[in-house]
Amino acid sequence: MRNKENRKILDRAENLFYRGDYDEALRMYGIVLKECPNLEEARIGAILSDIALENDEEAQALFEYYQVLKEEEQEDAERIIEEMIGSLDDALEKISDLLEGNLFARDESVNGITYTDFKELVELRGSFRRAFEDIMFSTRVVITEKEELLDFLQQLVEHGFNEMAMRYIEGAAVAYPGEEKIQDLIEKIKG
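Reading the values: rules and limits
- Residues numbered from 1 in each chain as written.
- Predicted model: local features only at pLDDT ≥ 70, side-chain atom pairs only at ≥ 80, totals over all residues.
- Heavy atoms only, no water.
- Axes fitted to C-alpha atoms, helices over the stretch in contact; angles between N-to-C directions.
- Helix = DSSP H or I, 4+ residues; strand = E, 2+ residues; numbered from the N terminus.
- Parallel < 35°, antiparallel > 145°, perpendicular 65-115°, else oblique.
- Contact = heavy atoms within 4.5 Å.
- Core = buried A, V, L, I, M, F, W, Y, C linked by side-chain atoms within 4.5 Å.
- Buried < 20%, exposed > 50% of the residue type's maximum accessible area, 1.4 Å probe, protein only.
- Salt bridge = Lys/Arg side-chain N within 4 Å of Asp/Glu carboxyl O.

Caption draft 1: Seen up close, the packing of helix α8 (residues 146-158) against helix α10 (residues 180-190). At a closest axis distance of 11 Å, the pairing of α8 and α10 adopts a crossing angle of 10 degrees. Classified by the angle between their axes, α8 and α10 sit roughly parallel to one another. Together, Leu-150, Leu-153, Gln-154, Val-157 and Glu-158 of α8 and Lys-181, Ile-182, Leu-185, Lys-188 and Ile-189 of α10 make up the contact between the two elements.

Caption draft 2: View of the nonpolar core. Core analysis: the largest hydrophobic core is formed by 25 residues, its most contacted members being Phe-17, Tyr-29, Leu-48, Ile-81 and Ile-85. If you list the elements that add at least two residues to this core, you get α1 (3-19), α2 (22-35), α3 (40-52), α4 (56-71) and α5 (77-106). Here this core gets 6 residues from one element, more than from any other, and that element is α3. Excluding residues within four positions of it along the chain, Phe-17 makes contact with Tyr-22, Ala-25, Leu-48, Ser-49, Ala-52, Ala-59, Gln-60 and Phe-63.

Caption draft 3: Local environment of the pattern of salt bridges. Inspection of the entire model under this criterion finds 11 salt bridges. Across the pair Arg-7 and Glu-41 runs a salt bridge whose closest N-O atoms are separated by 3.1 Å. Of this pair, Arg-7 sits in helix α1 while Glu-41 sits in helix α3; the two residues are 34 residues apart in sequence, bridging distant segments of the chain. Between Glu-82 and Arg-43 there is a salt bridge, with its nearest N and O atoms 1.9 Å apart. Residue Glu-82 is located in helix α5, and its partner Arg-43 is located in helix α3; the two are separated by 39 residues in the primary sequence. It is possible to trace a salt-bridge network through shared partners that takes in Arg-7, Asp-11, Glu-14, Glu-41 and Lys-70.

Caption draft 4: Broad picture of the environment of Arg-12. You can see Arg-12 is positioned in helix α1. Separated by 16 residues in sequence, Arg-12 and Met-28 place their C-alpha atoms 7.5 Å apart. Ignoring any residue separated from it by four or fewer positions in sequence, one finds Arg-12 in contact with Glu-24 and Met-28.

Structure (structure tokens):
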């Protein structure tokens with residue numbers, strides 16, 4: 001396959017990736033890799049397309065950063081991205097270990113992640129938003145104390161999860177009528 005044809009297929013694969021058609025992007029990168037198995041750009045694109053099938057936000061961010069590195073003609077762009085992918089894999093593995101193993105070993109009766117363990121996850125991920133997005137569809141945060149609830153609600157509001165915060169606040173307002181911090185959060189959400 002000629003260089004011109006490779007470039008055309010790679011450009012198509014990049015466009016598909018940006019549009020979120022990761023299966024087709026992966027297929028296009030695979031076509032190039034079949035002919036040129038050592039072409040780093042196609043290999044990185046294929047890896048990121050595969051990652052995007054499960055975690056599109058992370059993959060999109062890495063892909064965009066990779067494009068910037070290439071535009072700046074960074075010599076070791078592929079190595080930089082590969083290291084970042086390795087870091088992402090390590091972080092996801094640690095999160096999986098936390099959620100599946102260590103957290104539940106302490107208290108088998110807990111049906112979710114305790115707020116203390118969730119805060120550890122926040123620390124590991126480096127941000128409340130990322131940690132919460134990682135778990136919001138797979139488990140629930142188990143809150144056992146009023147202070148935990150108030151802190152959790154505060155974090156939800158601060159990180160833009162206003163609708164979810166309001167659902168929690170409705171229950172909290174009944175459990176803790178007249179709680180000033182809850183009223184403050186309601187006012188903050190209403191803006």
